Amino acid sequence: MAKATKVNPHAGSSFDDFLKEDGIFEEVQARALKRALAEQLDEAMQSGKLSKVNMAQRMATSRSQLDRVLDPSNLSIQLDTLIKAASAVGRTVEIRLKRDTKRTRVTAT
């Protein structure tokens, strides 16, 4: 006799779906991406033994601008500034668009 499988009554949509329902998915995604970029830049600076003053000089910018680049909560960083920061630590920036495979499809009824 086959054993019946229990369905978890608490199982539901994904966390992404929850964020989308609350209308904050894009903001949360942007914050996570910025945090990851800031951490990568900080790690590259540490491995290259590069101080913030030297990093700012390499970027031809101010120390306060560099602090904004490294601040994970500051989302208003221009792409050219990010490219300068990556170049200053011997890295490049790669950006690509991916097809959203989990997109909800609406059908006509």
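Residues numbered from 1 in each chain as written. Predicted model: local features only at pLDDT ≥ 70, side-chain atom pairs only at ≥ 80, totals over all residues. Heavy atoms only, no water.

Student: I'm lost on the nonpolar core in this one. Help?
Tutor: Generally speaking, a soluble globular protein has its nonpolar side chains buried in company with each other. With 15 residues, the main nonpolar core has L41, M55, M59 and V89 as its most contacted residues. Counting only elements with at least two residues in this core, the list comes to helix 2 (25–47), helix 3 (52–59), helix 4 (63–70) and helix 5 (79–88). Setting aside residues no more than four positions away along its own chain, M55 makes contact with L41, M45, L50, L66, A85, A88 and V89. (Core = buried A, V, L, I, M, F, W, Y, C linked by side-chain atoms within 4.5 Å. Buried < 20%, exposed > 50% of the residue type's maximum accessible area, 1.4 Å probe, protein only. Helix = DSSP H or I, 4+ residues; strand = E, 2+ residues; numbered from the N terminus. Contact = heavy atoms within 4.5 Å.)

Student: In this structure, what is going on with helix 5? I would like to understand it.
Tutor: Turn by turn, an α-helix covers 3.6 residues, leaving residues three or four places apart pointing in a common direction. Every buried residue of helix 5 is listed here: T81, L82, A85, A86 and A88. Angularly, the buried residues of helix 5 cover 160 degrees about the axis, an arc narrow enough to put them on a single face. On its buried side, helix 5 packs onto helix 2, helix 3 and helix 4. In the segment just after helix 5, G90 is the residue with positive phi, at about 75 degrees. (Arc of directions from axis to C-beta.)

Student: For this particular structure, what's the right way to read the pattern of salt bridges?
Tutor: Any two side chains of opposite charge can pair, given that their charged atoms come close. Under the definition given, this model contains three salt bridges. Here R31 and E27 are joined by a salt bridge, their closest N and O atoms 3.3 Å apart. Highlighted residues: R31 and E27, both in helix 2, separated by four residues, approximately one helical turn. Its relative accessible area of 34% is what places R31 among the partly exposed residues. In this structure, the salt-bridge partner of D67 is K52, at a minimum N-O distance of 3.2 Å. Here K52 lies in helix 3 and D67 lies in helix 4, a separation of 15 residues in the sequence. Linked through salt bridges whose partners overlap, the residues forming this network are K52, R63 and D67. (Salt bridge = Lys/Arg side-chain N within 4 Å of Asp/Glu carboxyl O.)

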